[in-house]
2 protein chains.
Amino acid sequence: MTDLIELLREGLPAEAVLTDPDVTGAYAHDMASFCEAGAPAVVVLPRTVEQVQHVCRTATALRVPVVPQGARTGLSGAANASDGCIVLSLVKMDRVLEINPVDRIAVVEPGVINAALSRAVMEKGLYYPPDPSSWEQCTIGGNIGTASGGLCCVKYGVTAEYVLGLDVVLADGRLLKTGRRTAKGVAGYDLTRLFVGSEGSLGIVVGAVLALKPAPPEHLVLAAEFPSTASACDAICRIMERGHTPSLLELMDRTSVRAVNAMGNMGLPESTEALLMAAFDTPDPASDLAAVAELCTAAGATEVVPAEDAAESDLLLQARRMTLPALEAVKGVTMIDDVCVPRSRLAEMIDGTAAIAAKYGLTIGVVAHAGDGNTHPTVCFDAGDPDESRRAGSPSTRSWLWAWSWAAPSPVNTASAS
Amino acid sequence: MTDLIELLREGLPAEAVLTDPDVTGAYAHDMASFCEAGAPAVVVLPRTVEQVQHVCRTATALRVPVVPQGARTGLSGAANASDGCIVLSLVKMDRVLEINPVDRIAVVEPGVINAALSRAVMEKGLYYPPDPSSWEQCTIGGNIGTASGGLCCVKYGVTAEYVLGLDVVLADGRLLKTGRRTAKGVAGYDLTRLFVGSEGSLGIVVGAVLALKPAPPEHLVLAAEFPSTASACDAICRIMERGHTPSLLELMDRTSVRAVNAMGNMGLPESTEALLMAAFDTPDPASDLAAVAELCTAAGATEVVPAEDAAESDLLLQARRMTLPALEAVKGVTMIDDVCVPRSRLAEMIDGTAAIAAKYGLTIGVVAHAGDGNTHPTVCFDAGDPDESRRAGSPSTRSWLWAWSWAAPSPVNTASAS
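Parameters and conventions
- Residues numbered from 1 in each chain as written.
- Chains lettered and ligands numbered in written order.
- Predicted model: local features only at pLDDT ≥ 70, side-chain atom pairs only at ≥ 80, totals over all residues.
- Heavy atoms only, no water.
- Axes fitted to C-alpha atoms, helices over the stretch in contact; angles between N-to-C directions.
- Helix = DSSP H or I, 4+ residues; strand = E, 2+ residues; numbered from the N terminus.
- Parallel < 35°, antiparallel > 145°, perpendicular 65-115°, else oblique.
- Contact = heavy atoms within 4.5 Å.
- Nonpolar A, V, L, I, M, F, W, Y, C, P; charged D, E, K, R; others polar.
- Least-squares fit on C-alpha atoms with pLDDT ≥ 70 in both.
- Buried area = accessible area lost by both parts, 1.4 Å probe.
- Salt bridge = Lys/Arg side-chain N within 4 Å of Asp/Glu carboxyl O.
- Disulfide = S-S within 2.5 Å.
- Buried < 20%, exposed > 50% of the residue type's maximum accessible area, 1.4 Å probe, protein only.
- pLDDT = per-residue confidence, 0-100.
- Domains from an automatic or database assignment.
- Polar contact = N/O pair within 3.5 Å; in protein donor to acceptor, adjacent residues only side chain to side chain.

Observations concerning the packing of helix H9 (residues 254–264) of chain B against helix H12 (residues 323–331) of chain B
Angle between the axes and distance between the axes are the two parameters that describe a pair of packed helices.
All names here are of chain B.
Okay, step 1: The contact between H9 and H12 brings their axes to 8 Å, and the two run at 85 degrees. Relative to H12, the element H9 is oriented roughly perpendicular. Touching Thr 255, Ser 256, Ala 259, Val 260 and Met 263 of H9 are Thr 323, Pro 325, Ala 326, Leu 327, Ala 329 and Val 330, all from H12.
Okay, step 2: A per-class count over the contact of H9 with H12 returns 8 nonpolar, 3 polar and no charged.

Here is the structure:
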């Protein structure tokens, strides 16, 4: 242990090596519940690629595991420490090195906050779509490690779609450069994509070339109330089948709607069984929303309210973005899951979740990136109630969620971050 | 050898095992020039996954190399036989198994012709964007193996963007299922992308789940003449910098334009140094083209002609799509290359190619998917002229093209198919 710290200090400034257990303990885990976390031996905060290489070389020489971390806002436990490990926090490597409007790329260090990058490119008329809920805190490196998505996915896809090239420090300290900074490039095996979503298990991302889009027109949001999740899901199918490409298509079930009202006085309709939000960032969003409103009505919506302007739209999205903390407030603790199904089978998934909640006497709210079939069944429970905790965390509750194997050719298809 | 054929026949019908050298010789190579090809020992034409598994098991047992093939329209030599190999042609596995408009996916076998799939999904209001020049002949399996692009890439990306999941037979005959059939799915390492572009080197793709887009509105094309490639490339930079997203943005140099006129009487402007074609498939393509026309004029275009309708647009694209055969007709043989550069450095690339052509006394036409910086420098030469052949194929001519290492973090960034 003394060896480890001494060797690390040979290539890192004193303030970049944290050993006080009270301090290092704060780096033990991300925001995943129900994931084990150990006590790190040391936390390092490098500022350069060379310092990261030094850490990896040292770790390999002494056979000490390395756990890379960004902002620790992840929900998959990917950033959780193991006992005696080196936590390698990339948050000090937070520079945007280049934004190029002609080539539509940004070159960044891994510790850049998602929102900081989004705002920086916006100033140049560009758009970096991936927008996980934690976008004001999470880092691009963490987004790459967990292949983050967000509300934008239905139109713009996940983080992977925006990673053109990577600089990666391998376990032995070598620097690997993958990919490209050209718009197109298909030579060789796609190592870039192999690193995206690998949760730091293959190497430490120390730099990235990201693709950007031109900034879209301002979006407009519509909210539609449905008497059942089935009818809301029917609306989603009709919208997609008709060839619409909303910039977001989100679903909140009754539990989620009530939780948000309880927390934030958002004035969402209490009596609705399912609330659908759709947005368009097209040249004429009002006309696209009108077409979607018709499809919602045909599917049985009891009320359809298009926002009149950006302010109204933002208010609706604010309610949507409050869902997870609001569900947390219901009983104090939540266990959030992240399950994708074909959008044509969304209703089965959500109704099935309600059946499970009833069977186990649990409160499970479901909020979904419905446009791409990505649901977040969120079990709300009181950690002080041992029986409820047991039912919430019981393998049979969870195994049900994992049983949606028809969703994918592979047996399980959970998205590790949203 | 006898063993090999006998064992293959144990799991394949007689007509699926070809051994006549006059027949198997026709399967020796794809359309790449300057790539070595050997003589296959046998060609097999399986119709089922089980038959492919049988071929792989047999090959592994006898240590015989397997070369998978689609339509052999590739330009990278990926499908070239090695001496004594088994050529495994997937062209008989050509069924479209499913087209789902709600989930926007197609499930296909690898031998489906790109155009057949494109037309089948179009009938359901859907769109499969990847459109390599060979789209009327090439197979989806070949597109996956070579990570094909096409004219659509500037807006819609390459084949990789549309592959959600794969069924792959590994060398030892095991069947691996990767990926998903959901819109989103980021669990685990991205093995799907590892197989895309791997040219059959990691396994045999026997099935694919492909993502589809809603069919876009009919596109409208504009042609602009420029007095220099530099001014045409300046226009491209202005178009991209202003946030336009054309559905294609193609550049033909003077050599290409004249070759097309010589072959097809297409009436392209003979005196122009560079011809730019832009298209939009937006709700109001005429207005987008008008904005682009202004940018072309500002960059020095001497003439800008927007097509008035789909028929005129198709005629322009027909000229563009004729370029490669037209360049082949110039001197009988071509050596086509495939190089990506950042679009901001396209002018350097094209002017540099002209300088090389002058230095070596060669005719090199350049046609480019200019919107994503993907150029096809095409050396035209007379195979009956030994000195010209030598200059065309000389390492110094080619090494120049490979020297654009600034184009990518990795030393070389050529696209293996377009």
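Details of the relation of the copies chain A and chain B
Okay, step 1: Rotating chain A by 180 degrees and moving it 0.0 Å along the rotation axis overlays it on chain B with an RMSD of 0.0 Å. When the rotation and shift are considered jointly, the pair of chain copies conforms to a two-fold rotation axis.
Okay, step 2: A high fraction, 98%, of the interface residues of chain A reappear at the interface in chain B, so the copies pair face to face through one surface.

Quick look at the interface of chain A and chain B
Okay, step 1: At the junction of the two partners, chain A supplies 56 residues and chain B supplies 55 residues.
Okay, step 2: Of the roughly 4,500 Å² buried where chain A meets chain B, counting both sides, 57% is carbon and sulfur surface.
Okay, step 3: Our count for the contact surface shared by chain A and chain B stands at 2 salt bridges.
Okay, step 4: Arg 193 of chain A is paired through a salt bridge with Asp 190 of chain B; the nearest N and O atoms lie 3.1 Å apart.
Okay, step 5: Those elements giving two or more residues to the side of chain A that touches chain B turn out to be strand E9 (175–179), helix H7 (191–195) and helix H8 (229–241) of chain A.
Okay, step 6: Of all the elements, H8 of chain A adds the most residues to the side of chain A that touches chain B, at 4 residues.
Okay, step 7: Among the residues forming the side of chain A that touches chain B, the class breakdown is 23 nonpolar, 22 polar and 11 charged.

Re the state of the cysteines
Residues and elements named next belong to chain B.
Okay, step 1: Per the counting criterion, the structure on display carries 0 disulfides over all chains.
Okay, step 2: Cysteine Cys 233 is unpaired, with the sulfur of Cys 237 as its nearest cysteine sulfur at 7.1 Å.
Okay, step 3: Between Cys 340, a free cysteine, and Cys 153, which holds the nearest cysteine sulfur, the sulfur-to-sulfur gap is 8.6 Å.
Okay, step 4: Taking the relative accessible area as the measure of exposure, Cys 340 reaches 1% and is therefore buried.

Quick notes on the confidence of the model for chain A
Residues and elements named next belong to chain A.
Okay, step 1: Mean pLDDT for chain A: 92, with 94% of residues reaching 70 or above.
Okay, step 2: Note on residues 402–418: pLDDT is under 50 here. Beyond four places in sequence and across chains, it has 65 contacts.
Okay, step 3: Confidence estimates for the predicted assembly give a pTM of 0.93 and an ipTM of 0.92.

What to know about the environment of Met 349 of chain A
Okay, step 1: Take Met 349 of chain A: it is sitting in helix H13 (residues 346–360).
Okay, step 2: Separated by 258 residues in sequence, Met 349 of chain A and Val 91 of chain A have C-alpha atoms that sit 37 Å apart.

Points about the domain arrangement of chain A
All names here are of chain A.
Okay, step 1: Taken as a whole, chain A is organised into domain 1 (2–89), domain 2 (96–214) and domain 3 (220–416).
Okay, step 2: Computed from C-alpha coordinates alone, the two centres of domain 1 and domain 3 are separated by 36 Å.
Okay, step 3: Across the boundary between the two partners, domain 1 contributes 4 residues, which contact 6 residues of domain 3.
Okay, step 4: Taken together, the two surfaces of domain 1 and domain 3 that pack against each other cover about 420 Å², and 73% of this comes from carbon and sulfur.
Okay, step 5: For domain 1, the biggest contributors to the area lost against domain 3 are Ser 33, Phe 34 and Leu 75; these three give 84% of the whole.
Okay, step 6: There are 0 salt bridges connecting domain 1 and domain 3.
Okay, step 7: Our count for the contact surface shared by domain 1 and domain 3 stands at 0 residue pairs in polar contact (both at pLDDT 80 or more).

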